Every structure is written in C-alpha cells, then in structure tokens.
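Each chain is listed here by its residues.
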Amino acid sequence: MVEKSMYPDEESYSSVLRSCFSVSHEQGKIVHGQIVKLGMDAFDLVGNTLTEMMRKENIQPNSITVINLLRAIVDLNSLKIGQALHSLVVVSNLCEELTVNTALLSMYVKLGSLEDARLLFEKMPKKDLVVWNILISAYAGNGYPKESLELVYCMVRSGIRPDLFTAIPAISSITQLKYAEWGKQMHAHVIRNGSDYQVSIHNALIDMYSACNSLNSAQKIFGSIMDKTVVSWSAMIKGHAMHDQCLEALSLFVEMKLSGIRVDFIIVINILPAFAKIGALHYVRYLHGYSLKASLDSLKSLKTSFLSSYAKCGCIEMARKLFDEDKSSHKDIIAWNSMISAYSKHGEWSQCFQLYNQMKLSNVIPDQVTFLGLLTACVNSGLVNKGKEIFKEMVEIYGHQPSKEHNACMVDLLGRAGQIDEASKIIETVPLNSDARVYGPLLSACKIHSDTRLAEFAAQKLINMEPKNAGNYVLLSNIYAAAGKWDKVAKMRSFLRDKGLKKTPGCSWLELNGQVHEFRVADQSHPRSEDIYSVLKVLELEAGDVEDDFELFELPII
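Remember, it's a predicted structure, so these values are computed and weren't measured experimentally. The residue numbering used here restarts from 1 in each chain and proceeds along that chain's sequence as written. Given that the model is predicted, a residue must reach a pLDDT of at least 70 before its local features are reported, and side-chain atom pairs must reach 80 or more before they are shown or counted; all residues, however, enter totals for whole chains, interfaces and linings. Side-chain numbers come from the whole structure's heavy atoms, not from hydrogens or water.

Participant: Outline the overall build of the protein, listing residues and values.
Facilitator: The helix and strand labels rest on DSSP assignments: H or I over at least four residues marks a helix, E over at least two residues marks a strand, and numbering proceeds from the N terminus. Tallying secondary structure elements over the protein gives 30 helices and 2 strands in all. For the protein, with 558 residues in total, the buried portion stands at 42%. Throughout, a residue-residue contact means that at least one pair of heavy atoms, one from each residue, lies within 4.5 Å. A separation threshold of at least 6 residues defines the contact pool for the protein, and within that pool the share at least 24 residues apart is 59%. In the form shown here, the protein has an accessible surface area of approximately 31200 Å², with 54% of it arising from carbon and sulfur atoms. Relative accessible area decides the class of each residue, using a 1.4 Å probe on protein chains only: under 20% of the type maximum gives buried, over 50% gives exposed, and in between gives partly exposed. Per-residue and other accessible areas follow the Shrake-Rupley method at a 1.4 Å probe size, with only the shown protein chains counted as cover for residues.

Pasting the structure below:
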C-alpha cells in the first residue's frame, strides 16, 4: 500500500500498530516513527493506541518522558490523549511525583478542562506554590473569580505565602467581582509582601480600582509609576473612558503620544469609545489611519470598534463602508449589531430591518443586543406593531428572555403610542426586573398623554430608586402643572429646594480643528465665551431681520 504511494488513515494506522506490537516490537517502532513523520500522532485514535501499546509492552516511562509528552499533547490540543497518558502515569506509579502532577495540572488547564484539573488538584499528595498559582490563575482567566479567590484563601490557610503570580490573578478576580474592600485588602497585602515594585502589579491595580469606582486611587497609582509601560497608559485611559471622563481620556492619550509611547491595538480599542462619545471624529480618523499604517486593521475586533465609532460620530457612510468590506460569511454578531444600532440611532429604520433579514439569511443567530437595536428603531419610528412582532420573535423563536432594556423599549414604544395601560401591564408581569430604565419611559409617556394617576405611581417608584435624581421630581412637577394641580407643583418645587437637589444640566461637545470644546446651558467658562456670545447676538439680530422681511411679503388673509 505504501509502495504505491497510498498512505493509511488513522484507523488503519491504529490497527497496524496493534498488529506490529503483537508480532515485532522493532516493527512497531518503525511504524511509530512513520506516524510521527506524517503527523498522524495528532489524531486521538492513534495517540490512544500508542499509549495502550506502551502499557501492554510494559514500557515504563520516567518523569522526564511524561513531562515532555504532556507538553507535546498541549501542542496537539488533544484532551483524550492527555487523559490516556494520565492513566499511564497512574499505572506507572508516577502520580506521587510533584513535577509530574504539576505538568498534568498545567496540561488540563491549558486544554480547558477545569473539572479534570480540580479533581487532580484535590488528589495531589503535595502542593507547592506553583500548583496553587496554576489553578488560581486558571479560575480567574476562565470566568470563575469567586473560586479563584476561595483558592487564595485556602492557600494562605495552608501556610503557603502568595507571590507575584498569585497577586495578579487575584487582583483580576476582584476586578471582575468589583469588590472594592477586597481590592484594598489585596493592595495592602501586595505592599506588605514587597510585590508593589512590579509594574505589572501596578497595572492590575489601576484596572481594579477603575472597575471598583475608585478612579482617584487608580490615578494615584498611575502617577506613582516611574517607568510607565503601554499597558499602564492603556489601563488608565480605559479607566477614564469607563467613567465617561472622555476629555480626560483624550488628554491622557495626547500626553502618552508626546511621551513617545507607541500606540497599540489595545489602546486604540480602549480610547475609541471616549472619542465616539464626545464626537471627536478627527481623532477617530487619525487612529484609523494609524491602524492601517501599522497593519492593525486585520483584527476583527478593531475593525468593529472603528465601525461603531464612526457611526456614533455621525459618519454613517464610513461605518457602512467598513461593514461591507467583510463578506457576509466572515461578519461576526458584533459587526451586525453595531451596524443595526447605527442605523437605528440615525433614523434609517428601514435599513435596520433590511440588515436583520440579511443577517438571518447569513445564518447568524441574533442575540439580545440585536433585538435591542431593532426595538430602539421601532421606538424612534413609532412602529408599534413591528415592535410587538420583533419582541414576540425574540422570545418565542430565539428563546431570549427580555432584559430590563428590552422591557424599557416596549414600555417606551407603547407609552408614546398612548397604549399606557398595556405598557403598565409589561411592568406588572416582571416587577422584580423593573428599574429606573423601565419606569422612566412610563413617566414620560404619562406626561405626553396627561395621565396624572399613573404618573404618580411611576414617579414614586423612580423616587424610591433614585432619591437624589432631581429630574424625576421636575418631570412630575411638569405633569402636575399640565393638569393644573398648582398646589402639588408648589409642593414639589419646595421639596427640591429644601433637599438642595438640582437637575444635572445638559452638556454638548464640539470638535473644531482637532480640539474638543465643552458647553453647558448659559455657560461662560470657555476662554472665548465673550466672542461666542457676541456672534450669537449677531445671529439673533440677523434671524430677526429675516423674519421681518418675511412679514413684509406676507399676504393678507381674506
């Protein structure tokens, strides 16, 4: 068969191996060599047969052999061969050796089998710091932060002192859980153990404090780092962007560029949301150009981030161009959702539904974010029946349970259409899942349709949830005013005055020649505010002159 240049498949090699080892051990070695040469040892069936033959032929591997084999198995990405080799380790009485157990544990973790890793960990007679760190890091990196921190606690109780490689996954776990107090304790522990000199620890702490709403602490740590790495800058920029401090994030980005730090794709992804939020299209274009020059545009996550940023900055044509660059079969769910959401926010609602139909034809299953974009389009366009249809499709066809955002959209959609009773029924069906995002649209709907009774109910709920949000009191006061209940209007205003509550003023950003300017109502903090108000007065006068001109040509009513 081989002489005719016809090579066996994995099943044939498995059978040949068994036959060779039964007849001639040397012949088995020759076939084994050919298997390795052809790369057939990557197949589970062949690997299991080899392990089985070693066991039958009483070939006793030593610890060095097993460790090297385990490394090879990780490269082959075959859990089944790893499990077979584990059984050989047990038969060969190597399961008492710490180095072998550590290699086995590492193999299970790298192949994603945390269940097998935990079983092995529990049965290990000896555990050193490396063993604990492997499993602690595995739980932190695979979305099990509580289990990771529980292991840290058990390790300390067992008398083993944590090191740098314990602290980093532990801090990561605290970041995921957003436990501020635990974060402070871990920070103190790091200082006490002398690990705080490492910049990797500082970077992890910046991330942790940012996630735990302690941005001041994150800034102090960032300021204390003498040799800031690109990760340090990225973590601090991400922290500012996360807390909607977009101008600070932009300022830090400019400072980073001036310090000579090279921008990488992580910084680009972290800073883009801040640029998009303040509409800094100039910087989005700059980063896009930089990414093209640095060949970063091949990363799908980065391309999707640019798509979303262009859309949020109002450049919908560029967003669609990036979307169309990928073939339908290569587009991921995030790209589809970003484009649907972009059209939804820019009033091109028919495009949302067209994309949704194309998405289904491309065999991409819509998720909850997809339906949120579609429902938002229905709210903005007033398509009540279409919204009901999409909501029903989400639940009954795709099996997605409505989130607070979905319920808020439906309440807003029905409320604006005057179907307030139906909107309130949605809230009644999921009372525990309702928060300010749901009751806010209901209160707004009551204002539009002058429903004072339901407005008081919604307002009371909102006030209980957000007692310091002056906007809720102001909205209820306006509803009372529209209904002519001036005594209740006076009561509301007096309550606001006594509590010292003020409605948060609106804020606008304007990008001009690459510089972002921030404005509020009646704001005079801008360095050129006098010039701005002078121009406004001129515009008002010109607008008045135009109105007068129109009045001159106005025809008399007969």
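Participant: Go over the nonpolar core, please, and point to the residues and values.
Facilitator: In this structure, Phe 253, Phe 275, Leu 287, Phe 306, Met 339 and Leu 442 are the most contacted members of the largest nonpolar core, which totals 144 residues. Not counting residues within four places of it along the chain, the set of residues in contact with Leu 442 comprises Val 411, Ile 420, Ala 423, Ile 427, Leu 454 and Ala 458. Take the buried residues of types Ala, Val, Leu, Ile, Met, Phe, Trp, Tyr and Cys, join any two whose side-chain atoms come within 4.5 Å, and each joined set is a nonpolar core.

Participant: Provide a residue-level description of the pattern of salt bridges, including the pertinent values.
Facilitator: Salt bridges, as used here, are contacts in which a Lys or Arg side-chain nitrogen is within 4 Å of a carboxyl oxygen on Asp or Glu. Under the definition given, this model contains 9 salt bridges. Among the salt bridges present, the one from Glu 389 reaches Lys 386, with a minimum N-O distance of 3.8 Å. Placement of the pair is Glu 389 and Lys 386 together in helix 23 (residues 384-396), with a separation of 3 residues, close to one helical turn. A salt bridge links Asp 412 to Arg 416; its shortest N-O distance comes to 3.1 Å. Of this pair, Asp 412 and Arg 416 both sit in helix 24 (residues 404-416), separated by 4 residues, roughly a single helical turn.

Participant: Help me get a handle on the packing of helix 18 (residues 300-312) against helix 20 (residues 333-345), residues and values and all.
Facilitator: Axis separation between helix 18 and helix 20 bottoms out at 9 Å; the angle between their running directions is 0°. Here helix 18 lies roughly parallel to helix 20, going by the angle between them. Between helix 18 and helix 20, the residues in contact are Thr 304, Leu 307, Ser 308, Ala 311 and Lys 312 and Ile 334, Ala 335, Ser 338, Met 339, Ala 342 and Lys 345, respectively. Of the residues assigned to the contact of helix 18 with helix 20, the class counts are 6 nonpolar, 3 polar and 2 charged. Only C-alpha atoms enter the line fits that serve as axes; for helices the fit covers just the stretch in contact. Angles between N-to-C directions range over 0 to 180 degrees. Between 65 and 115 degrees an angle is taken as roughly perpendicular, under 35 as roughly parallel, over 145 as roughly antiparallel, and anywhere else as oblique. Lys, Arg, Asp and Glu make up the charged group, whereas Ala, Val, Leu, Ile, Met, Phe, Trp, Tyr, Cys and Pro make up the nonpolar group; the residues left over, Gly among them, are polar.

Participant: Can you tell me about unusual backbone geometry, naming the residues and giving the values?
Facilitator: The phi dihedral of Asn 213 is positive, around 60°, even though this residue is not glycine. Looking at where Asn 213 falls in the secondary structure, it is placed in the loop between helix 12 (199-211) and helix 13 (215-224). For Asn 213, a relative accessible area of 62% puts it in the exposed group. Not every positive phi belongs to a glycine, and Asn 363 is a case in point at roughly 65°. Relative to the helices and strands, Asn 363 resides in the loop between helix 21 (349-361) and helix 22 (368-381). Judged by its relative accessible area of 70%, Asn 363 falls in the exposed class.

Participant: Lay out the packing of aromatic side chains with the relevant residues and their values.
Facilitator: To pair, rings of Phe, Tyr and Trp, with the six-membered ring standing in for Trp, must have centres within 6.5 Å; the planes then decide the type, stacked if under 30 degrees apart, edge-to-face if over 60, and tilted in the middle. The final tally for this structure, using the stated rule, is 9 aromatic pairs. Centroid distance Phe 222 to Trp 233: 5.2 Å. Interplanar angle 80°. Geometry classified as edge-to-face. On the criterion of sequence distance, the pair formed by Phe 222 in helix 13 and Trp 233 in helix 14 (residues 230-242) is long-range, its members being 11 residues apart. You can call Phe 222 buried: its relative accessible area is 8%. With a relative accessible area of 5%, Trp 233 lands in the buried category. Lying over the aromatic face of Phe 323, Lys 331 brings its terminal NZ or CZ to 4.6 Å of the ring centre. Over the ring of Trp 336 we find Lys 331, and its NZ or CZ is 5.8 Å from the ring centre. In this scheme, Lys NZ or Arg CZ marks a charge over a ring once it lies within 6 Å of the ring centre and within 35 degrees of the ring normal.

Participant: So what about a nonpolar patch on the surface? Which residues, and what values?
Facilitator: A contiguous nonpolar surface patch, about 340 Å² in accessible area, is contributed by Tyr 533, Val 535, Leu 536 and Leu 539. Within the secondary structure, Leu 536 sits in helix 30 (residues 529-552). Residues enter patches when their relative accessible area tops 30% and they take part in no salt bridge; the joining distance is 9 Å for like charges and 5 Å for the nonpolar side chains Val, Leu, Ile, Met, Phe, Trp and Tyr.

Participant: Describe the side chain of Glu 393, with residues and values.
Facilitator: For Glu 393, the location among the structural elements is in helix 23. Polar contacts, as used here, are pairs of N or O atoms within 3.5 Å; protein pairs need one atom able to donate a hydrogen and one able to accept it. Residues neighboring in sequence count only if both atoms are side-chain atoms. Within polar-contact distance, the side chain of Glu 393 engages the side chain of Tyr 356 at 2.5 Å. In contact with Glu 393, other than residues within four places in its own chain, are Tyr 356, Lys 360 and Tyr 398.

Participant: How would you sum up the environment of Glu 97? Please name residues and give values.
Facilitator: Among the structural elements, Glu 97 can be located in the loop between helix 5 (79-91) and helix 6 (98-110). Considered as a pair, Glu 97 and Pro 125 are 28 residues apart in the sequence and their alpha carbons are 8.8 Å apart.

Participant: Please set out helix 9 (residues 145-157) residue by residue, giving values where relevant.
Facilitator: Every helix has an expected span of 1.5 Å times one less than the residues it contains. Between the first and last C-alpha of helix 9 there are 19 Å, a value that for 13 residues agrees with the 18 Å anticipated at 1.5 Å per step. Within helix 9 the residues assigned to the buried category are Pro 145, Ser 148, Leu 149, Leu 151, Val 152 and Met 155. In a view along the axis of helix 9, the buried residues occupy a sector of 155°, so they form one face of it. Residues of helix 9 that are exposed and point more than 90 degrees away from the buried face comprise Tyr 153 and Arg 157. Against helix 7 (114-123), helix 8 (129-141), helix 10 (164-177) and helix 11 (180-192) lie the buried residues of helix 9. Looking one or two residues beyond helix 9, the residue adopting positive phi is Gly 159, at roughly 95°. By construction, the arc corresponds to the directions joining the helix axis to the C-beta atoms.

Participant: An account of the confidence of the model for the protein is needed here, citing residue identities and associated values.
Facilitator: For the protein, the mean per-residue pLDDT works out to 80, and 82% of the residues sit at or above 70. The predictor's confidence in any single residue is recorded as pLDDT, a number from 0 to 100. This stretch, residues 41-46, has a pLDDT under 50; its non-local contacts, to residues over four places away or in other chains, come to 21 contacts. Throughout residues 549-558 the model reports pLDDT below 50, and contacts reaching past four residues in sequence, or to other chains, amount to 0 contacts.

Participant: So what about the environment of Val 379? Which residues, and what values?
Facilitator: Inspection of the secondary structure assignment puts Val 379 in helix 22. Val 379 gets classed as buried once you look at its relative accessible area, which sits at 6%. Between the C-alpha atom of Val 379 and that of Asp 412, which follows or precedes it by 33 residues, the distance is 6.7 Å. Val 379 has contacts with Cys 409, Asp 412, Leu 413 and Arg 416, leaving out every residue within four places of it along the chain.

Participant: An account of helix 28 (residues 470-482) is needed here, citing residue identities and associated values.
Facilitator: Over its 13 residues, helix 28 extends 19 Å from the first C-alpha to the last, a length consistent with the 18 Å expected when each residue adds 1.5 Å. Those residues of helix 28 not exposed but buried are Ala 470, Gly 471, Asn 472, Tyr 473, Leu 475, Leu 476, Ser 477, Ile 479 and Tyr 480. Positive phi shows up at Gly 484, right after helix 28, with a value of about 80°.

Participant: Tell me about the side chain of His 406, and name the residues and values.
Facilitator: You can see His 406 is positioned in helix 24. Here His 406 is in contact with Gln 368, Phe 371, Leu 372, Leu 375, Phe 391 and Met 394, once residues within four sequence places are set aside.

Participant: Lay out the environment of Arg 161 in plain terms, naming residues and giving numbers.
Facilitator: Counting through the fold element by element, Arg 161 comes out in the loop between helix 9 and helix 10. Each C-alpha atom of the pair Arg 161 and Asn 193 lies 8.9 Å from the other, and the pair is 32 residues apart in sequence. Residues in contact with Arg 161, not counting those within four places in the same chain, are Leu 129, Met 155, Arg 192 and Asn 193.

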